[in-house]
Amino acid sequence: MTAIALSDVVKDFPTGDGPVRAVDHVNLMLDPGEVVAFLGPNGAGKSTCIDMMLGLTDPTHGTVQVHGGSPRAAVQAGRIGAILQSGGLLDDLTVHQTLTMIATLHPGRIDLDTLMRRTNLTPLASRRVSHCSGGERQRLRFALALIPDPDILILDEPTAGMDVNARAEFWATTHQEAANGQTVLFATHYLKEAQDFADRIILIAEGRIVADGTVDEIRRLGAGRSVSAHWPGWTPDISLPGVTHHEREGERVRWWADDSDALALHLLTSTAATDLEITTADLDSAFAALTRTTTTGATA
Amino acid sequence: MSTLINPRYVWLDFARQLRMPVNLFFTIILPTVMYVVFGVTQDYATQATLHGNVSAMMMASMAVYGAVTATSSLAGTAALEQQTGWRRQLALTPYTSAQFIAGKVLMAMSVAALPVTVVLLTGAVTNAELAAWWRWPAIWGLCMLGAMVFSLYGLAIATWFRSEEAVGLASGLLVVLFFLGNGFLPLSGLMLEIGRFTPAYGLIGLARYPVLEGIIDPDATDPLWFLAANMGAWALIFALLTALGLKRGTARQ
């Protein structure tokens, strides 16, 4: 059974100027145990999709199912947990008091001491939330998400606003938890996070899914390989096989082409170009290219 | 969860309020001081009324004022929970909106019991008099009933306004409502006619009923059914507003 399934989901928000479509016919399936990055620029619709997966809001059209049932049923059964982007805490409570209050809302006895140890909160147990740093509060949110021992974890921009060390620490802890076989979906606009931590990336822009695959598959979907060479005399009217666009870098020129091998061969044998360099596209350019083509209306 | 109230959560929520001494001070001490000033120290305080004296009437008024001040401060805490996203955190648990409302009402009433008890005790040891012993717990009970209705008032404001506005609105409006409800100075003429339909009128009339049985002045009496209908109607209105306000609650704002 799929862990999360969105079928032809549409979400419109009413505004003064007419409804705004935040999610536009999204189809999405996550199997149990997958670790998936939900990548997209701000306003792409990631948070709206997440809200629907958690039962916080309903789709305008289409269905959202978690473990084959409604999202709210999954929340009540304690099978899905989420780390909110920010807020979600009461300043006057201590870390331990916060955990205790939320734990009373879930059935069964929950071992808070072990939970605090796993998330490195034991030394902070009696510290008020208002005195906790951003990274410490995020650890608390993580612990809160783990209280019902969920099978699915949804992280909404979990490291936004964290410095490099806090971020690394967060992912180390998350990695440990995910080793238990949970399904993890995290929304981010940090490409490196998506690359380092996810098995699969779903790219979303303007409410539509633009790409969905492994890191390598996405990279290949993007701008393709580029070839650069030292050729100060080159001008755009000198035609080269299969070139889609180019960029000057001082005395070097970089060309993007569908068939980088053919271009490289041509450059080496038939032109004055020297000092050739062939590079695979990185996720950055793939991402930029895929989201750019959406804006201009062309198909990816 | 099949039960409406989660006792552990409500207890923890109540304990939170006890850790805010400044709020507690105003909730309990202020009505007590007002009772002493308007009730005990004035010459007319010992004048007899139908079932007690004027002091007892002021005591009932200030007790119910303390009770509803406590429950309307619910506006502040519930609104704050909305703004900090705590309600979104709660939405990620089995806790339902119905349980949230029930829990907040119960917690607010527990806090409201404090000023009512303190004011009544103060009255008992000073110069408030009632014709029969059972009229004391009757006043207490009627004040608590009023507190329950006005916790819905606090919730209704909380679910529609942002935090800082909510607290100011709730307490400021309460003073006006109490005045219109004949709670501070006796009203007459047009003001009284308008005041009879405002939210606090039934509340105050009922709290004073064991002392006055609805007497306003030598010529006019409010029947019990009217006071009860006033409070019942406003309870329904506040509940409806709360339900509507909660529907917009958990989506991102």
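Quick notes on the rules
- Residues numbered from 1 in each chain as written.
- Chains lettered and ligands numbered in written order.
- Predicted model: local features only at pLDDT ≥ 70, side-chain atom pairs only at ≥ 80, totals over all residues.
- Heavy atoms only, no water.
- UniProt positions renumbered as here; feature names shortened; annotations may be inferred.
- 1 Å grid on protein atoms, 1.4 Å probe; cavity = no way out; pocket = protein on both sides within 12 Å on 5 of 7 lines; lining within 4 Å.
- Points joined across faces, edges and corners; volume = space filled by probe spheres on them.
- Helix = DSSP H or I, 4+ residues; strand = E, 2+ residues; numbered from the N terminus.
- Nonpolar A, V, L, I, M, F, W, Y, C, P; charged D, E, K, R; others polar.
- Pairing = 2+ DSSP bridges.
- Axes fitted to C-alpha atoms, helices over the stretch in contact; angles between N-to-C directions.
- Contact = heavy atoms within 4.5 Å.
- Buried area = accessible area lost by both parts, 1.4 Å probe.
- Salt bridge = Lys/Arg side-chain N within 4 Å of Asp/Glu carboxyl O.
- Polar contact = N/O pair within 3.5 Å; in protein donor to acceptor, adjacent residues only side chain to side chain.
- Buried < 20%, exposed > 50% of the residue type's maximum accessible area, 1.4 Å probe, protein only.
- Phe/Tyr/Trp six-rings, centres within 6.5 Å; stacked < 30°, edge-to-face > 60°.
- Lys NZ or Arg CZ within 6 Å of the ring centre and 35° of its normal.

Where an unreviewed UniProt entry is consulted, chain B appears under the name ABC-2 type transport system permease protein, with the organism given as Propioniferax innocua. What the UniProt record of chain B gives under Subcellular location (unreviewed entry) is the line "Membrane".

Chain A has the name ABC-2 type transport system ATP-binding protein in an unreviewed UniProt entry, where Propioniferax innocua is given as its organism. According to the UniProt record, the Subcellular location (unreviewed entry) comment for chain A reads "Cell membrane".

K.L.:
Looking at this structure, I do not really get the layout of surface pockets. What am I missing?
P.N.:
Sizing a probe to match a water molecule and rolling it over the atoms shows the empty space that remains. All names here are of chain B. Estimated volume of the largest pocket: approximately 690 Å³. Along its surface, the largest pocket is lined by 29 residues, and Met57, Pro186, Arg208, Leu212 and Ile216 are the ones closest to its centre. Residue assignment for the lining of the largest pocket shows that the elements contributing at least two residues are α3 (54–72), α10 (199–212) and β1 (215–217). If you tally residues by element for the lining of the largest pocket, the top one is α10, at five residues. Residues belonging to the lining of the largest pocket are distributed by class as follows: 18 nonpolar, eight polar and three charged.

K.L.:
Even after reading the chapter, I still don't get the sheet that holds strand β6 (residues 152–156) of chain A, so can you show me in this structure?
P.N.:
Within a sheet, each strand pairs with its neighbour through backbone hydrogen bonds, oriented either parallel or antiparallel. All names here are of chain A. With mixed pairing, the six strands of this open sheet are ordered in space as β5-β6-β7-β3-β8-β9. With partners counted over all chains shown, the strands left at the sheet margins are β5 (80–83) and β9 (208–214), one partner each. Here the average twist between neighbouring strands, direction ignored, is 15°. Note that strand β3 (residues 35–39) and strand β8 (residues 200–205) share four bridges and pair parallel. When the bridges of β8 are listed, Leu39 appears paired with Leu203.

K.L.:
Please explain the interface of chain A and chain B as it appears in this structure.
P.N.:
Accessible area lost when the parts come together is the quantity often used to give the size of an interface. Across the boundary between the two partners, chain A contributes 27 residues, which contact 24 residues of chain B. With both sides pooled, the region where chain A packs onto chain B buries about 2,500 Å², and carbon together with sulfur makes up 61% of that total. Considering only the surface of chain A that becomes buried against chain B, Leu56, Met101 and Leu105 of chain A emerge as the three largest contributors, covering 27% of it. With its nearest N and O atoms 3.4 Å apart, the salt bridge here joins Arg88 of chain B to Asp51 of chain A. Scanning the region where chain A abuts chain B turns up eight residue pairs in polar contact (both at pLDDT 80 or more). Contributions of two or more residues to the side of chain A that touches chain B are made by α1 (46–53), α2 (71–76) and α3 (95–103) of chain A. Here the element with the most residues in the side of chain A that touches chain B is α3 of chain A; it accounts for five residues. Of the residues in the side of chain A that touches chain B, the class split is 13 nonpolar, 10 polar and four charged.

K.L.:
Explain the side chain of Thr159 of chain A here, please?
P.N.:
Relative to the assigned elements, Thr159 of chain A resides in the loop between β6 and α6 (164–178). Those residues within four positions of Thr159 of chain A in sequence are excluded, and the remaining contacts are Gln138, Arg167, Phe170, Trp171, Tyr190 and Glu193 of chain A.

K.L.:
Whenever I open this one, the UniProt feature "transmembrane region" (unreviewed entry) in chain B confuses me. Can you help?
P.N.:
What UniProt calls "transmembrane region" (unreviewed entry) maps, in this numbering, to residues 21–38, 58–80, 101–126, 138–161, 173–192 and 224–246 of chain B. For residues 58–80 of chain B, the helix share is 96%, the strand share is 0%, and the end-to-end C-alpha distance is 33 Å.

K.L.:
What am I meant to see in the pattern of salt bridges here?
P.N.:
Pairing of side chains with opposite charge becomes possible as their charged atoms draw close. Going through the model one piece at a time under the given rule, you end up with 18 salt bridges over all chains. Note that Arg127 of chain A and Glu136 of chain A form a salt bridge whose closest N and O atoms lie 3.3 Å from each other. With relative accessibility at 33%, the residue Arg127 of chain A sits in the partly exposed group. Ionic pairing is found between Asp13 of chain B and Arg16 of chain B, a salt bridge with its closest N-O pair at 3.8 Å. In this pair, Asp13 of chain B and Arg16 of chain B are both assigned in helix α1 (residues 7–18), three residues apart and thus about one turn of the helix distant. Assessed through its relative accessible area of 2%, Asp13 of chain B is described here as buried.

K.L.:
What should I look at first to understand empty space enclosed by the protein in this one?
P.N.:
Overall, the coordinates contain two cavities of 30 Å³ or more when judged by the stated rule. The space that makes up the largest cavity amounts to roughly 80 Å³. Ile80, Gly81, Ala82, Ile102, His106, Leu144, Ala145 and Pro148 of chain A together with Gln89, Leu92 and Thr93 of chain B together form the lining of the largest cavity. Broken down by secondary-structure element, the contributors of at least two residues to the lining of the largest cavity are β5 and α5 (134–146) of chain A. Per element, the largest residue contribution to the lining of the largest cavity is three residues, and it comes from β5 of chain A. Here the residues of the lining of the largest cavity are counted per class, giving seven nonpolar, four polar and no charged. Considered as a void within the structure, the second largest cavity measures approximately 40 Å³ in volume. Ala78, Ala79, Gln82, Arg87, Phe100, Leu155, Ala158, Thr159 and Leu246 of chain B are the residues that line the second largest cavity. Here the residues of the lining of the second largest cavity are counted per class, giving six nonpolar, two polar and one charged.

K.L.:
How should I be thinking about the packing of aromatic side chains in this particular structure?
P.N.:
Pairs of aromatic rings are described using the distance from one ring centre to the other and the angle between the two planes. Under the definition given, this model contains 19 aromatic pairs over all chains. Between the aromatic rings of Phe150 of chain B and Phe238 of chain B, the centroid separation amounts to 5.8 Å while the plane-to-plane angle is 70°, which identifies the pairing as edge-to-face. With Phe150 of chain B in helix α7 (residues 135–160) and Phe238 of chain B in helix α11 (residues 224–247), this residue pair connects regions lying 88 residues apart in the sequence. In terms of burial, Phe150 of chain B and Phe238 of chain B fall into one category: buried. With a centroid separation of 5.8 Å and an interplanar angle of 85°, the aromatic rings of Phe197 of chain B and Phe226 of chain B are classed as edge-to-face. Pair noted here: Phe197 of chain B is in the loop between α9 (189–195) and α10 and Phe226 of chain B is in helix α11, with a separation of 29 residues, a long-range link. Among the aromatic residues, those joined into a ring-pair cluster are Phe142, Phe170, Trp171, Phe186 and Phe197 of chain A. Above the face of the Phe226 of chain B ring, Arg196 of chain B is positioned so that its terminal group lies 4.4 Å from the ring centre.

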